[in-house]
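# A look at the structure
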Amino acid sequence: MSARGFKGKMVIFTAPSGAGKTTIVRHLLKRYKNQIGFSTSATTRVMRDHEIDGKDYYFLTAEKFRQKISEGAFAEYEEVYQDQFYGTLKSEIERIWSLGKHIIFDMEVKGATNIKNMYADDCLAVFIKPPSFSILVERLKNRKSETQSSLTKRIARMKKELSYESSFDKVLVNDLLAVACKEAEIMIELFLNISEEEE
Ligand code: 5GP
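The structure displayed is predicted, hence computed values, not measured ones.

## Some remarks on the sheet that holds strand S4 (residues 57-59)
Strand order in the open sheet made by the four strands is S4-S3-S6-S5, with mixed pairing throughout. Strands at the two margins of the open sheet, each flanked by one partner only, are S4 and strand S5 (74-81). This sheet shows a mean twist of 25 degrees between the axes of neighbouring strands, independent of strand direction. Looking at chain direction, S5 and strand S6 (residues 84-89) are connected through six bridges and run antiparallel. Each bridged residue has a counterpart across the sheet, and for Tyr77 the counterpart in S6 is Gly87. Taken strand by strand, helix H2 (residues 62-70) contacts strand S3 (41-43), S5 and S6, and its axis lies near 140 degrees from that of S5.

Laid out in structure tokens, this is it:
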């Protein structure tokens, strides 16, 4: 909680990779930029071309990440793929709340479950579902960010992740992106008690 008595809440968007959660999260951050802040995770994975350190992720070495684990700096962390760690820093949660903003997360299903269990009623966990498994595979391939071996790993993980749907507060089917974005707006406006900002 911030000094001004602001009671921050959080909304997690979770989904198998390729279900469109990052696009939906970006849309919401633009629309409610003064009221919500993005929780930038720490990761040990390699930075992609368009990514910015400190914005998309805090890119850490495996050693630094391990050090932070031992210091108890993470609210949650997961080895999402072999030797690729992702985690939410407690300092990041405090940083955003201290700005008087609610927090929005983009996270895989296990981390989402952990944060939901920790923050319970102050947290809305939304599972984004692709219209079908084959569409999900297609989207992931089109992204062209993966090698053949990382693609195989991601597809295996996606199958498992799709079975977690029932663990979350809301399910949002991302068939038409514009419709999914609108539904996401309604969900967070209701939960956070916020409204659209002037352009
Ligand atoms: P990507 O490598 O595609 O950016 O992310 C891989 C997966 O890790 C995605 O499902 C993403 O949402 C998830 N992820 C990102 N940050 C975190 C985090 O802080 N904790 C957990 N558990 N997963 C995360």
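## Things to note about the nonpolar core
A general tendency of soluble globular proteins is for nonpolar side chains to be buried together. In this structure, Val11, Phe13, Ile24, Leu28, Ile36, Leu172 and Ile188 are the most contacted members of the largest nonpolar core, which totals 28 residues. Of all the elements in the fold, those that place two or more residues in this core are strand S1 (10-14), helix H1 (21-31), strand S8 (123-129), helix H5 (133-143), helix H6 (148-161) and helix H7 (177-192). Considering each element in turn, this core owes the most residues, seven residues, to H7. Among all residues touching Leu172, those that are not within four sequence positions of it are Phe13, Ile24, Val126, Phe127, Ile128, Lys129, Ala180, Glu183, Ala184 and Met187. In this structure, Ile12, Ile103, Ala125 and Phe127 belong to the second largest nonpolar core, which totals 16 residues.

## Observations regarding the site of the ligand
Surrounding the ligand, one finds 15 residues, the nearest of these being Arg45, Tyr57, Tyr86, Asp106 and Glu108. Arg45 is positioned such that a nitrogen or oxygen atom in its side chain is 2.7 Å from an oxygen atom of the ligand. Within the side chain of Tyr86, a nitrogen or oxygen atom sits 2.5 Å from an oxygen atom of the ligand. Protein contacts shield 95% of the accessible area of the ligand, which totals 520 Å² for the unbound molecule. Breaking the shell around the ligand down by element, the ones donating at least two residues are S5, S6 and strand S7 (102-107). Residue composition of the shell around the ligand, by class: three nonpolar, four polar and eight charged.

## Overview of the packing of H5 against H6
Packing of H5 against H6 leaves a shortest axis separation of 11 Å and a crossing angle of 150 degrees. Taken together, H5 and H6 sit at an angle that is classed as roughly antiparallel. Both H5 and H6 take part in a crossing whose hand is right-handed. Together, Phe133, Leu136, Val137, Leu140, Lys141 and Arg143 of H5 and Leu151, Arg154, Ile155, Met158 and Lys159 of H6 make up the contact between the two elements. By residue class, the composition of the contact of H5 with H6 is seven nonpolar, no polar and four charged.

## Here we look at the environment of Ala178
Tracing the backbone through its elements, the reader meets Ala178 in helix H7. On the accessibility criterion, Ala178 (62% relative accessible area) is exposed. Each C-alpha atom of the pair Ala178 and Glu76 lies 31 Å from the other, and the pair is 102 residues apart in sequence.

Cut-offs applied
- Residues numbered from 1 in each chain as written.
- Predicted model: local features only at pLDDT ≥ 70, side-chain atom pairs only at ≥ 80, totals over all residues.
- Heavy atoms only, no water.
- Pairing = 2+ DSSP bridges.
- Helix = DSSP H or I, 4+ residues; strand = E, 2+ residues; numbered from the N terminus.
- Axes fitted to C-alpha atoms, helices over the stretch in contact; angles between N-to-C directions.
- Contact = heavy atoms within 4.5 Å.
- Core = buried A, V, L, I, M, F, W, Y, C linked by side-chain atoms within 4.5 Å.
- Buried < 20%, exposed > 50% of the residue type's maximum accessible area, 1.4 Å probe, protein only.
- Near = heavy atom within 4 Å.
- Polar contact = N/O pair within 3.5 Å; in protein donor to acceptor, adjacent residues only side chain to side chain.
- Areas by Shrake-Rupley, 256 points an atom, 1.4 Å probe, with all protein chains shown as cover.
- Nonpolar A, V, L, I, M, F, W, Y, C, P; charged D, E, K, R; others polar.
- Parallel < 35°, antiparallel > 145°, perpendicular 65-115°, else oblique.
- Left-handed = near helix turned anticlockwise from the far one by under 90°.

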